[in-house]
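A structural walkthrough
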Amino acid sequence: MRRPKKYEAGEATQYISRRAAIRKLQLSLNDFRRLCILKGVYPREPKHRRRAQKGSSEIKILYHTKDIRFLLHESIVWTLRDYKIFAKKSSRDRAIKDFRNLKRRMELFPEIKLDHIVKERYPTFIDALKDLDDCLTLLFLFSTFPSLHLIPREQSNLCRRLTIEFLHYVIASKSLRKVFISIKGYYFQAEIKGQKVTWIVPHYYPFKPQSRQEVDFKVMSIFVEFYTILLGFTNFRLFHGLNLAYPPQFPSTLLQDSADTFKDESSFVSDRIAALNFELLRTDKVQEDEEEPDIDMELLEQDGDSKRIIKMKQEAQEISRLRTLFKGLKFFINREVPREPLVILIRSFGGKVSWDASVFAGATFAENDETITHQIVDRPSLSTQYISRDYIQPQWLFDCVNQRQLLPTNDYFLGESLPPHLSPFVDSKRDSYIPPEEKALHDPSLIETHEQSEEESEEEDAAEKEEEVDQELLDAQLQLAYQQETAEYKKYGGPDGVNEDEEDLSEEDDDEEDVEEEDDDEDVDEATKRKLQEKEKMSVQSGKVHKVNKRQVHKAEVDEHRLQARMVKPRHRNLFRKLIREKQTKEKEEWLLRKKRRNIDADTKEAKKTAKREARKLAAEAAARAAKMVK
């Protein structure tokens, strides 16, 4: 029997370096990277790097050997090799100026087909939906790009069309659940076939070219090449699930790739938004309101009244109300407000939306329409206003969706300081810092305490003002009372109207009574004493404040931590230190957030006080001027 040599079995045979994989596949580095991205093969980190690298100590990029063997049988490898052959032959034809043969070769240009790879990587439709987050985020980003060297206009147009189709499905199915505004963009979360899909729509800014060192657009375009095929398959399946015609037919004036659209980026974006405000054609005559709910309530009632079933019923009722949150409402968006996220929100929950037709295309009704219920404005004031509608800021829509109810509009009027915009993507029962506004959402009793604290601060300010005004009057009253008391004392010989001689006689009588009581107490039995003692124990006494010594508590915690550290086994000490480090980091972050909130509240309170003082000064000055004018 032959003895196995070193690195012939085990971890050394499970991994292969990138250089060896390129040599085995006979591809260039760019082709190998493209193949790995399309097939979903990524570098791996071995448990023992030195064993996996056959004794070498340098850092190498390693792959699983079975993945590279899997790539050997891929048909795309032959297409990539055909690219090399095509490049060599076409360059030879150009060199000898054989343009007839070059034209024939250009017609036979090899094309990569990725349909089979999508089916391999996602065997079921649910698997494709689970991996849709990164796909949508990247395609929404590329749909806003202009024509670049590595990003042709056809690719960005395809991304734009696919994302609009997906948004139309979200609007038609009313599957949007959560929204949030951040620095990165607008976060959206939809529930599709029981799967939560989250993506980001970037803010609209003029494009700024980036250097190749910061962003590798070539690698990103390879991902886009695969994701466009994936989203095309997904949209086809989703549209047919709702009996919608696919591909959707838009008006002839929208999404037309003309030279004017390519030159003007604002019209490019305007067409995309106008396409969202258009109803799609259906293959049947069923209306949206007649669609069946996702959960059968009759089946849930038969299963009993367990906590899980009750929770499912409540969730189903909330979602049914959320799907028609803006039904019957008409919104008009001013020109300064970003329209794309608001159009998605309003139409996803049953509302109607329009804008100024003279500025943007796709408007459905004018501003002077009397049936408009809300006008979304992002400026401090308006010259002309209608009494029949509410003028609100855009955050009202996002907060209504996250709280699943129509909120009062008085906090979102023009010029009002907006309430904090809370993220719905965080866990409400987390151990870290939770803002008081978020606590108040889950516990309504905290709203009253928060309002009471504000009222108390206002009462304190009013009390301080009254004290400053009435201080002289109080001093005068105290002085008068003191004078009256001294006069009575001199007249009657004491504060209670009793002379000194009478006081001496009363003291002697009290001493005699005390001696008699002491004699009586000696005659009392021991049983009576016990009863009296028991009664004294049972009596209610005033509580005493127990002061906690923070130093002793901290010292006890430190001692307990040291005991825990000593009890940990040596092999688990690194893990224990890591857990303690994470705990300390969380505590520090929570402390910093609390400190930041305290500073913000203090600054806000001080600003309110300063504003009130200035208002009082102005009022006093105005009163003085009015008095002078009267004189």
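Everything below is about the structure shown above.
No experiment lies behind these values; they were computed from the predicted model shown.

**What to know about the pairing of strand β4 (residues 185–192)**
Consecutive side chains of a regular strand alternate in pointing toward one face of the sheet and then the other. The buried count for β4 comes to seven of eight residues, which makes it a mostly enclosed element. In this structure, strand β3 (residues 176–181) lies alongside β4, joined through five bridges in antiparallel fashion. When the sheet's bridge partners are listed, K178 is paired in β4 with Q189. What sits between β3 and β4 in their antiparallel hairpin is a turn of three residues. Bridge analysis of β4 against strand β5 (residues 195–202) gives eight bridges, and the strand direction is antiparallel. Residue I192 lies in a different strand from β5, and its bridge partner there is Q195. Turn length for the β4-β5 hairpin, with the two strands adjacent in sequence and antiparallel, is two residues, and the turn residue K193 shows positive phi of about 55 degrees.

**A word on the nonpolar core**
Grouped together as the largest cluster of nonpolar side chains are 93 residues, with contacts concentrated most on L176, W199 and F326. Excluding residues that lie within four positions of it along the chain, W199 makes contacts with D133, L136, T137, F140, F166, L167, V170, L176, Y186, Y187, F188 and A190.

**Thoughts on unusual backbone geometry**
A cis amide bond links Y246 to the next residue, P247, at an omega of -5 degrees. Look at K97: it is not a glycine, yet its phi comes out positive at around 60 degrees.

**A closer look at the sheet that holds β4**
The three strands lie next to each other as β3-β4-β5, forming an open sheet whose pairing is antiparallel. Strands at the two margins of the open sheet, each flanked by one partner only, are β3 and β5. Strand-to-strand twist of the sheet, defined as the mean angle between neighbouring strand axes without regard to direction, takes the value 15 degrees. Contacting β3 and β4, helix α18 (residues 395–403) runs over the sheet at an angle of about 135 degrees to β3.

**What to know about the sheet that holds strand β7 (residues 352–355)**
Spatially, the four strands line up as an open sheet ordered β7-β6-β8-β9, and their pairing is parallel. Strands at the two margins of the open sheet, each flanked by one partner only, are β7 and β9 (390–392). Taken over all neighbouring pairs, the strand axes of this sheet differ in orientation by 25 degrees on average, direction set aside. In this fold helix α17 (residues 339–348) packs onto β6 (330–333), β7 and β8 (374–376), with an angle of close to 155 degrees to the strand it touches most, β7.

**As for the side chain of S143**
With respect to the helices and strands, the residue S143 is situated in the loop between α10 (132–142) and α11 (153–173). Taking the relative accessible area as the measure of exposure, S143 reaches 1% and is therefore buried. In this structure the side chain of S143 is engaged in a polar contact, spanning 2.7 Å, whose partner is the backbone oxygen of F140.

Conventions used here
Position numbers for residues count from 1 along each chain, tracking the sequence in the order it is written. Per-residue local features of the predicted model are confined to residues with pLDDT of at least 70, and side-chain atom pairs are confined, for both listing and counting, to 80 or more; whole-chain, interface and lining totals are unaffected and use all residues. Side-chain numbers here rest on the full set of heavy atoms in the structure, without hydrogens or water. A simple rule labels every residue: compare its accessible area, found with a 1.4 Å probe on the protein chains alone, to the largest value its type can have, and call it buried under 20%, exposed over 50%, or partly exposed in between. What counts as a helix is a DSSP run of H or I of at least four residues, what counts as a strand is a run of E of at least two, and both are numbered from the N terminus. Strands are treated as partners if at least two bridges between them are detected by DSSP. Only buried residues count toward a nonpolar core, which is a set of Ala, Val, Leu, Ile, Met, Phe, Trp, Tyr and Cys residues joined through side-chain atoms within 4.5 Å. Two residues form a contact once any of their heavy atoms are found within 4.5 Å. For helices, the fitted line uses only the C-alpha atoms of the stretch in contact; every axis is such a line through C-alpha atoms, and the angle between N-to-C directions lies from 0 to 180 degrees. Pairs of N or O atoms within 3.5 Å make up the polar contacts considered here, provided that, within protein, one atom can donate a hydrogen while the other can accept it, and that residues adjacent in sequence are counted only when both atoms are side-chain atoms.

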